[in-house]
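# What the coordinates show
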Amino acid sequence: MKPFLIIGNWKLNGNVLFVKNYINKIKNFLEKTKLNFCEISIAPAYTYLYLSNICLNNIQMNLTAQNVDINLYGSFTGEISIKMLKDIGIKYVIIGHSERRIFHKETNEYISKKFNIIKSNGLIPILCIGETELQKNMNQTKDICAEQIDIILKTQGIEAFDNTVIAYEPIWAIGSGKSANPIEVQNIHKFIRKYISQKNLKISKNLIIQYGGSINKNNMDIFIKQKDINGFLIGKASLTAENFISIVKKAEKIMSFL
Ligand code: PGA
């Protein structure tokens, strides 16, 4: 069985003290609890990734970067390369997040280049996809998701999706406190898996499809029980170690009954 992948996306939050306290609390928790069903990771800002890696010190949690550049080295002021992320022990890299698509005008083509550089350096992309509220109301969710996947299929082939994560994040549900309907989310996740399975069944079975959008410890139960929901990408509710730990504890418990 695939582990249920829970990632805390801290976005533009945190400081040195926050990182140290947070990881200490996770350490204390993991000293008492072995995770049998979940894999957990946090995505601090770039400035705290190295510190986080040192603080983690081989506990059962790994690190995710919130972004990466498409270049490996050279004259690209302000950018961070995949080699640098690899150098400090990062496992996952989030790309295509709607906040980057919207605020930084990242296109499907650009995101596809990021996907490629991550894969060719042996790290795991978390490809965020999802529709706006208007697109949802116009019944375009599946088309939008397919379009965001297609660009990678066309340029890199289905093999690129081997050992990768797709995070379905309806844009209207992110940070709004209004999570999507878990049954509707299952329906979209099933569509995504089927879309991939038409090209390669084995890759589709191994694909981890996370849901993201206002997930918290109170609304997670029905999501986790859905067959095609294999993890959560969590923003706001991951910003305290206590909340993050509550979510992980609950996920372990529910998964143990499935
Ligand atoms: P949220 O963020 O949990 O605060 O909605 C999710 C995300 O942006 O990944």
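This write-up is about the structure you can find in this document. All of these numbers come straight from a predicted model, not from anything done at the bench.

Here we take up a positive patch on the surface. A cluster of basic residues, Lys-142, Lys-190, Lys-194 and Lys-227, forms a positive patch at the surface. Structurally, Lys-190 is set in helix H8 (residues 182–197). Note on Lys-190: relative accessible area 52%, which makes it exposed.

A few words on the nonpolar core. Within the largest apolar cluster, 74 residues are counted, with the highest numbers of intra-cluster contacts made by Ile-6, Phe-161, Tyr-211 and Phe-232. The dominant element in this core, judged by the number of residues it contributes, is helix H11 (residues 241–257), at eight residues. Discounting chain neighbours no more than four positions away, the residues touching Ile-6 are Cys-38, Glu-39, Ile-40, Ser-41, Phe-232, Ile-234, Phe-244, Ile-247, Val-248 and Ala-251. Judged by nonpolar contacts, the second largest core, of twelve residues, contains Tyr-92, Ile-94, Ile-126 and Cys-128.

Taking 1.5 Å of rise per residue, 17 residues should cover 24 Å, and H11 covers 25 Å from first to last C-alpha, within 8% of that figure. Of the residues making up H11, those classed as buried are Ala-241, Phe-244, Ile-245, Ile-247, Val-248, Ala-251, Glu-252, Ile-254 and Met-255. Those residues of H11 hidden inside the fold are in contact with strand E1 (4–9), helix H1 (16–32), strand E2 (38–43), helix H10 (221–224) and strand E8 (231–234).

Moving on, we come to the packing of aromatic side chains. Taken as a whole and assessed by the stated rule, the structure comprises nine aromatic pairs. Taking 5.6 Å as the distance between ring centres and 45° as the angle between the ring planes, the aromatic pair formed by Phe-18 and Tyr-22 counts as tilted. Within this pair, Phe-18 and its partner Tyr-22 are both found in helix H1, separated by four residues, close to a single helical turn. Owing to a relative accessible area of 23%, Phe-18 belongs among the partly exposed residues under this scheme. With a centroid separation of 5.7 Å and 35° between ring planes, the pair formed by Phe-191 and Tyr-195 is classed as tilted. A residue pair is termed a helical-turn pair when its members lie 3 or 4 positions apart in one helix, as Phe-191 and Tyr-195 do in helix H8 at four residues. On the basis of relative accessible area, Phe-191 is assigned to the partly exposed category, the value being 23%. Taking relative accessible area as the criterion, Tyr-195 reaches 19% and is therefore assigned buried. Taken together, the ring pairs connect Phe-4, Tyr-211, Phe-223 and Phe-232 into an aromatic cluster.

Let's shift gears to the layout of surface pockets. Its boundaries defined by the atoms lining it, the largest pocket holds a volume of some 520 Å³. Lining the largest pocket are 22 residues, and of these Lys-11, Leu-12, Gln-66, Asn-67 and Arg-100 sit closest to its centre. For the lining of the largest pocket, the element with the most residues is helix H4 (residues 98–103), which contributes three residues. For the lining of the largest pocket, a count of residues per class yields nine nonpolar, eight polar and five charged. In this structure, the second largest pocket occupies an estimated 340 Å³ of space. Together, 19 residues line the second largest pocket, and Lys-2, Arg-193, Lys-227, Asp-228 and Asn-230 are the ones closest to its centre. Those elements that provide at least two residues to the lining of the second largest pocket are H8 and helix H9 (201–206).

Lys-11, His-97, Glu-169, Gly-175 and Ser-214 are the nearest of the 13 residues found near the ligand. Contact between the ligand and Glu-169: an oxygen atom at 2.6 Å from a side-chain N or O atom of the residue. Within the contact set of the ligand, an oxygen atom lies 2.8 Å away from a backbone nitrogen or oxygen of Gly-235. Here the ligand, which alone exposes 280 Å², has 98% of that area covered by the protein. Its residues assigned to classes, the shell around the ligand shows four nonpolar, six polar and three charged.

Analysis parameters
Residues numbered from 1 in each chain as written. Predicted model: local features only at pLDDT ≥ 70, side-chain atom pairs only at ≥ 80, totals over all residues. Heavy atoms only, no water. Patch = residues over 30% accessible without salt bridge, like charges linked within 9 Å, V, L, I, M, F, W, Y side chains within 5 Å. Areas by Shrake-Rupley, 256 points an atom, 1.4 Å probe, with all protein chains shown as cover. Salt bridge = Lys/Arg side-chain N within 4 Å of Asp/Glu carboxyl O. Lys, Arg positive; Asp, Glu negative; His and termini not counted. Charge placed at Lys NZ, Arg CZ, Asp CG, Glu CD. Helix = DSSP H or I, 4+ residues; strand = E, 2+ residues; numbered from the N terminus. Buried < 20%, exposed > 50% of the residue type's maximum accessible area, 1.4 Å probe, protein only. Core = buried A, V, L, I, M, F, W, Y, C linked by side-chain atoms within 4.5 Å. Contact = heavy atoms within 4.5 Å. Expected span 1.5 Å × (residues − 1). Phe/Tyr/Trp six-rings, centres within 6.5 Å; stacked < 30°, edge-to-face > 60°. 1 Å grid on protein atoms, 1.4 Å probe; cavity = no way out; pocket = protein on both sides within 12 Å on 5 of 7 lines; lining within 4 Å. Points joined across faces, edges and corners; volume = space filled by probe spheres on them. Nonpolar A, V, L, I, M, F, W, Y, C, P; charged D, E, K, R; others polar. Near = heavy atom within 4 Å. Polar contact = N/O pair within 3.5 Å; in protein donor to acceptor, adjacent residues only side chain to side chain.

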